[in-house]
Amino acid sequence: MQVVCGAPSIYLDYARSSLDPRIGVAAQNCYKLAKGAFTGEISPAMIKDCGVDWVILGHSERRHVFGESDELIGQKVAHALESDLGVIACIGEKLEEREAGTTEEIVYNQTQVIADNVKDWGKVVLAYEPVWAIGTGKTATPEQAQEVHEKLRAWLRANVSDEVADSVRIIYGGSVTAANCRELASQDDLDGFLVGGASLKAEFVDIINARA
């Protein structure tokens, strides 16, 4: 079992120095270059200086609130990995895309750009987060989540390798709570969770132990 806390950038040093060493820490974003005139951005080198080994990239809010493109996210993934950070790479469709029947097309395209920028899959975790289920109280049913995770694993098998398909962790994010985590965790292709609001509550312990 692995637990990683995704902290805001100004609290990375505090989180790393305060948390049990068994708990990893992740930045919630980083930039695609090591240095330059990019006021307000944070580089992988800065993250490493805080003793932090992970970064979350491509989160739906980065994509849809801040307008980050697939191309930019791919560039960030490449630079983070080159800088020896582990990457939690997020993918997922919006409600209108699911209703239009384009979920597979969207997540495959997003995954392709990530895959194009990965040399070592041992340092990558994929996080499927249907945008319509994030912070809305709506959760993909276990069957809906499993369907996408299974198809993602098949896509990796066809487009990357059998080894990567069998070994890469694909986690689920989208209104995960203590009430639904065990049923979600029972699905064959769900390897863990990207937890938002529930991580700030005592029930987070139940989510961590969903497969215990």
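Nothing here was measured: the structure is a model prediction, and the numbers come from that model.

Another aspect to go through is the pattern of salt bridges. According to the stated counting rule, one finds 15 salt bridges in the structure shown. Here glutamate 68 ties to arginine 62 by a salt bridge, and the two come within 3.0 Å at their closest N and O atoms. For the pair glutamate 68 and arginine 62, a shared accessibility class is recorded, and that class is buried. Two residues, glutamate 68 and lysine 76, come together in a salt bridge whose shortest N-O distance is 2.7 Å. We note that glutamate 68, like lysine 76, is buried. Salt bridges sharing partners connect three or more residues here, namely Lys48, Asp53, Asp84 and Lys123.

A few words on the sheet that holds strand β3 (residues 54–57). Reading across the sheet, the six strands line up as β1-β2-β3-β4-β5-β6 and stay open at both edges, with parallel pairing between neighbours. In this open sheet, the two edge strands, each paired with only one partner strand, are β1 (4–7) and β6 (169–172). Within the sheet, the average angular offset between the axes of one strand and its neighbour, ignoring direction, is 30 degrees. Two strands pair when backbone bridges link them, and β1 and strand β2 (residues 24–27) are joined in this way by four bridges, in the parallel orientation. Each bridged residue has a counterpart across the sheet, and for cysteine 5 the counterpart in β2 is valine 25. Sitting on the sheet, helix α4 (residues 70–82) is in contact with β3, β4 (86–91) and β5 (124–128), with an inclination near 175 degrees to β3. Helix-sheet contacts for helix α6 (residues 103–115) involve β4 and β5, and the interaxial angle to β4 is about 155 degrees.

Core analysis: the largest hydrophobic core is formed by 50 residues, its most contacted members being Ile47, Val55, Trp121, Leu156, Tyr172 and Phe193. If you tally residues by element for this core, the top one is helix α7 (residues 142–159), at five residues. For leucine 156, the residues in contact, after removing those within four places along its chain, are Thr111, Trp121, Leu126, Ser161, Val164, Ala165, Val168 and Ile170. Formed by nine residues, the second largest nonpolar core is a distinct cluster that contains Cys90, Ala127, Ile171 and Leu194.

This part takes up the pairing of β2. Judged by which residues are buried, β2 turns out to be covered on both faces: Gly24 and Ala26 on one side and Val25 and Ala27 on the other are all buried. For β2 and β3, the ladder comprises two bridges, and the chain directions are parallel. Bridge assignment links alanine 26 to a residue of β3, and that residue is tryptophan 54.

What counts, and where the lines are drawn
- Residues numbered from 1 in each chain as written.
- Predicted model: local features only at pLDDT ≥ 70, side-chain atom pairs only at ≥ 80, totals over all residues.
- Heavy atoms only, no water.
- Salt bridge = Lys/Arg side-chain N within 4 Å of Asp/Glu carboxyl O.
- Buried < 20%, exposed > 50% of the residue type's maximum accessible area, 1.4 Å probe, protein only.
- Pairing = 2+ DSSP bridges.
- Helix = DSSP H or I, 4+ residues; strand = E, 2+ residues; numbered from the N terminus.
- Axes fitted to C-alpha atoms, helices over the stretch in contact; angles between N-to-C directions.
- Contact = heavy atoms within 4.5 Å.
- Core = buried A, V, L, I, M, F, W, Y, C linked by side-chain atoms within 4.5 Å.

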